[in-house]
Amino acid sequence: MSKIATSFPHVAIALDRSSATALYRQLYDHLRNAILSGRLAPGARLPSTRELASELNIARNTVLNTFEQLYAESYLERRVGDGTYVSHQLPDDLLRVNNQQSLRTRPKRTKSNAASFMAVSVANYSGPPRPFRTGTPAFDAFPYKLWGRLLAQRWSNSAGEMLQYSDSAGYLPLRKAIAAYISTTRGVRCVPEQLIITSGSQHALEIVIRTVLKAGDKVWIEDPGFLGARASFIAADARLVAVPVDNEGLNVASGIDRCSDPNLIYVTPSHQYPLGSTLSLSRRLALVKLAARGGAWIIEDDYDSEFRYVGRPLAALQSLDTEQRVIYIGTLSKVLFPSIRIGYIVAPPDLFDGLLSARCLGGHQSPTLDQAVLADFISQGHFARHIRRMRVLYAERQQALVNAAKSELKGLLEITPSDAGMHLLGWLPEHVDDQQAFRKATAAGVEVTPLSAYCIEPPKRGALRLGYTGYKSREIWRATRRLAEALANV
Ligand SMILES: Cc1ncc(COP(=O)(O)O)c(C=O)c1O
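Residues numbered from 1 in each chain as written. Predicted model: local features only at pLDDT ≥ 70, side-chain atom pairs only at ≥ 80, totals over all residues. Heavy atoms only, no water.

*Asks:* Hey, could you go over the site of the ligand for me, with residue numbers and the actual values?
*Replies:* Taken together, the residues surrounding the ligand are G200, S201, Q202, F226, Y266, Y273, D301, Y303, T331, S333, K334 and R341. Interatomic distance of 3.0 Å between a backbone N/O atom of Q202 and an oxygen atom of the ligand. For the ligand, a nitrogen atom lies 2.6 Å from a polar atom in the side chain of D301. Out of a free accessible area of 400 Å², the ligand has 88% covered by protein chains. Taken together, the residues that form the shell around the ligand break down as 4 nonpolar, 5 polar and 3 charged. (Near = heavy atom within 4 Å. Polar contact = N/O pair within 3.5 Å; in protein donor to acceptor, adjacent residues only side chain to side chain. Areas by Shrake-Rupley, 256 points an atom, 1.4 Å probe, with all protein chains shown as cover. Nonpolar A, V, L, I, M, F, W, Y, C, P; charged D, E, K, R; others polar.)

*Asks:* Account for the nonpolar core, naming residues and giving values.
*Replies:* L332 and L336 are the most contacted members of the largest nonpolar core, which has 67 residues in total. Of the residues forming this core, the biggest block, 9 residues, is contributed by helix α14 (residues 382–408). The next biggest cluster of nonpolar side chains, apart from the first, holds 53 residues, and it includes L46, I196, L240 and I345. (Core = buried A, V, L, I, M, F, W, Y, C linked by side-chain atoms within 4.5 Å. Buried < 20%, exposed > 50% of the residue type's maximum accessible area, 1.4 Å probe, protein only. Helix = DSSP H or I, 4+ residues; strand = E, 2+ residues; numbered from the N terminus.)

*Asks:* Go over the sheet that holds strand β13 (residues 449–450), please, and point to the residues and values.
*Replies:* Taken in spatial order, the 4 strands of this open sheet run β11-β12-β14-β13, and their pairing is antiparallel. Every interior strand has two partners, whereas the edge strands, β11 (414–415) and β13, have only one. As defined by bridge partners, strand β12 (residues 423–427) adjoins strand β14 (residues 463–467) across 5 bridges and the pair is classed as antiparallel. The residue of β14 that forms the bridge with H423 is G467. (Pairing = 2+ DSSP bridges.)

*Asks:* Please provide a residue-by-residue account of empty space enclosed by the protein, values included.
*Replies:* Counting across every chain of the model gives 5 cavities of 30 Å³ or more. The computed volume of the largest cavity comes to approximately 60 Å³. Along its surface, the largest cavity is lined by T134, G135, Y273, Y303, D304, K334, M422, H423 and R465. Broken down by class, the residue content of the lining of the largest cavity amounts to 3 nonpolar, 3 polar and 3 charged. (1 Å grid on protein atoms, 1.4 Å probe; cavity = no way out; pocket = protein on both sides within 12 Å on 5 of 7 lines; lining within 4 Å. Points joined across faces, edges and corners; volume = space filled by probe spheres on them.)

*Asks:* So, the packing of aromatic side chains: which residues are in play, and what are the values?
*Replies:* How two aromatic rings sit relative to each other is set out by the distance from centre to centre and by the angle between their planes. Tallied over the full model, the rule gives 13 aromatic pairs. Ring centres of Y181 and F383 lie 5.0 Å apart, and the angle between their planes is 75°; on these two criteria the pair is classed as edge-to-face. Linking Y181 in helix α7 (residues 172–186) with F383 in helix α14, this pair joins segments that are 202 residues apart in sequence. The two residues Y181 and F383 agree in class, both being buried. On the accessibility criterion, F383 (3% relative accessible area) is buried. Members of the aromatic cluster, each reached through a chain of ring pairs, are F142, Y144, W147, Y181, F337, F377 and F383. Sitting over the ring of Y24, R239 keeps its end group 4.2 Å from the ring centre. One Lys or Arg, R325, reaches over the ring of W297 and ends 3.8 Å from the middle of that ring. (Phe/Tyr/Trp six-rings, centres within 6.5 Å; stacked < 30°, edge-to-face > 60°. Lys NZ or Arg CZ within 6 Å of the ring centre and 35° of its normal.)

*Asks:* Explain the packing of helix α6 (residues 144–163) against helix α13 (residues 368–379) to me, using residue names and the numbers behind them.
*Replies:* Relative to each other, α6 and α13 sit at 125°, their axes nearing to 9 Å. The angle between α6 and α13 falls in the class oblique. Like other packed secondary-structure pairs, α6 and α13 cross with a definite hand, here right-handed. Where α6 approaches α13, its residues L146, W147, L150, L151, R154, W155, E161 and M162 are matched on the opposing element by T368, L369, A372, V373, L374, D376 and F377. Of the residues that constitute the contact of α6 with α13, the class distribution is 11 nonpolar, 1 polar and 3 charged. (Axes fitted to C-alpha atoms, helices over the stretch in contact; angles between N-to-C directions. Parallel < 35°, antiparallel > 145°, perpendicular 65-115°, else oblique. Left-handed = near helix turned anticlockwise from the far one by under 90°. Contact = heavy atoms within 4.5 Å.)

*Asks:* Break down the side chain of R154 for me, with residues and values.
*Replies:* With respect to the helices, strands and loops of the structure, R154 is situated in helix α6. If we skip the residues at most four places from it in the chain, R154 touches A159, M162, Y171, L369, A372, V373 and D376.

*Asks:* I'd like to hear about the sheet that holds strand β9 (residues 326–331), residue by residue, with values.
*Replies:* Taken together, the 8 strands give an open sheet; going across it, the order is β3-β10-β9-β8-β7-β4-β5-β6, and neighbouring strands pair in mixed fashion. With one partner strand each, in any of the chains shown, β3 (195–198) and β6 (249–250) form the two edges of the open sheet. Looking at chain direction, strand β8 (residues 297–301) and β9 are connected through 4 bridges and run parallel. Across the sheet, residue I299 finds its bridge partner in β9, namely I327.

Have a look at this one:
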């Protein structure tokens, strides 16, 4: 056992070297419990990793790994050039509930790690979408009548079939239609029998995690990155390795420096979420090689690749993978509408059975009627037409936002156009805190998300994320003016 009292007078840390629990995990539990019980208060400064390692007589890397995990779960925050602090953003109820716990008991968890992470990390949007909520397709341009007609036809022609339990892997005509679509447009190498239909890509992630990941496994995640993925990895008790992103996407060399033998890599190669860069070919090759050599799995989350306005997208990472290490996931949430709750996994052949069992346990199947209508929508050519129409409309809406920003947000927010995606980033002037800008915008009724919410390492410059696809040009202009008024007071 080793003890310290000097760095944290109120947090005794005893590590048991004979325990089967890794030292990193023991230290993590001590610090997390101290934060949740209030013994380490929000804003409290932590000793440096070097000091802590020396006091505990353990390797500095062990402390670094612990801190990385606590950053990733939002318990700690880094201030550039000024050390590590207990996060200010811990939900109050979490702190209150655990205040009375004694030093030795593990705080009762009222929420899972993942739920508390989500509570501190993401704004809770409710009500109808308004500018600039992200992930919102153009509901005003959806072909409602056509969808209704296909639905009615299915209902009257094959209602009996639609009511039964059916294949957990999904409705075969839909699997065929999606396999053909992603082979042609994304270069994905697959046969329909490799596809598993899920309730969206968040569900797909959960299925993959349940199948391939064990507690304590090392997972590379993008920093900044998709919070839903981070929360799912936290819920699975994975060890998170935050890998920086630049204009060539995930920085593979930095990832290798931080952890050269990940068990799983989560990546958004075609349009990095949320920065928007495309993973370069050399990095794609490096990633696939790393996974093949170390036996790691790669989750390729291809969430919005349909919306590229200039040039052709690079083919999916999966198409470069000769060793079957890439698990490709896709969703209909962005390209059609989020409440359809249909996504899919392209399973490497060896993983298919395991993934299918996990899919089955997590709710048996997606509704057959919805799958059948979607299959008809795709196979009758409406899907391709809808994507073409939306591409034109979204390019116009993006241009409206760029024009409005040029006119109204000078000196307040720097928005540059993007070749792809459904949102733009607006960069704040140096030293303007994006959380503060977010609060002002929210108070003015404008929905934006601060870039720092997606980051583990604080961003060098604050930014706001603005979705534009769901809003008419005049709504975009009106909201931009309101945003300008809000930001003028930050
Ligand atoms: C990068 C990314 N992956 C996955 C998802 C989840 O999508 P779904 O609605 O299919 O669960 C989202 C949703 O915003 C996303 O942005």
